[in-house]
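# Fold and contact review
Spelled out from the first residue to the last, the chains are:
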Amino acid sequence: MKKNILTLLALTTLLSAYGQQGQLNINQDQQITKLLEIYKSALKNNEYYRVQIGFSNNDAKAQTLKSNAAIDFPNLPSRIDFASPTYRVRIGRFKTKLEAERMYNKIRLKYPNAMLLKPKKSTK
């Protein structure tokens, strides 16, 4: 009886050890890859909210403000938008207005002149 149980246990162990080997090949249609690229590009053009923390007529001052924002809010992307003659420093990329307003309240504590913006679709 013990011999049968030990044999069954050994056989089960062997089968489980070698039963997991194999190779999986996935053949994906090229149209799926194209659809994913279209989907990604469409998401880039969606509207989103940003917070403008300041502006300047001087690029160096705008760069300093941007680097300070990166230190103060490291999890938020920041960028400088130029519209002649002003450099505008904007941070964040929020999908919903509620999410943007919550962060805007936190940002205003550090940057009192901050403004909540909803840029046009053409703005990156």
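Heads up: these notes are all about the structure in this document. Quick caveat, the model's predicted, so the values are computed rather than measured.

What follows covers the sheet that holds strand 1 (residues 49–56). Strands sit in the order 2-3-1-4 across an open sheet of four strands; the sheet is antiparallel. Two strands close off the open sheet at either side, each with one partner strand: strand 2 (78–83) and strand 4 (115–117). Neighbour to neighbour, the strand axes of the sheet diverge by 35 degrees on average, direction disregarded. Judged from the six bridges that link them, strand 2 and strand 3 (residues 86–94) form a sheet pairing that is antiparallel.

As judged from the six bridges shared by strand 1 and strand 3, these two strands associate in the antiparallel manner. Residue pairing across strands places V51 opposite I91, the latter belonging to strand 3. Adjacent in sequence and paired antiparallel, strand 2 and strand 3 are bridged by two residues.

Criteria and thresholds
Sequence order sets the numbering: in each chain, residues are counted from 1 along the sequence as written. Selection of residues for local features in this predicted model requires a pLDDT of at least 70, selection of side-chain atom pairs for listing and counting requires 80 or more, and totals for whole chains, interfaces and linings are taken over all residues. Based on all heavy atoms of the structure, the side-chain values leave hydrogens and waters out of the count. In this description, strands pair whenever DSSP reports at least two bridges between them. Each helix is a run of H or I in the DSSP string that is no shorter than four residues. Each strand is a run of E no shorter than two, and both are numbered from the N terminus. To obtain an axis, a line is fitted to C-alpha atoms, over the contacting stretch when the element is a helix, and the angle between two such axes runs from 0 to 180 degrees between their N-to-C directions.

Bear in mind that shape data such as this cannot, by itself, settle questions of function.
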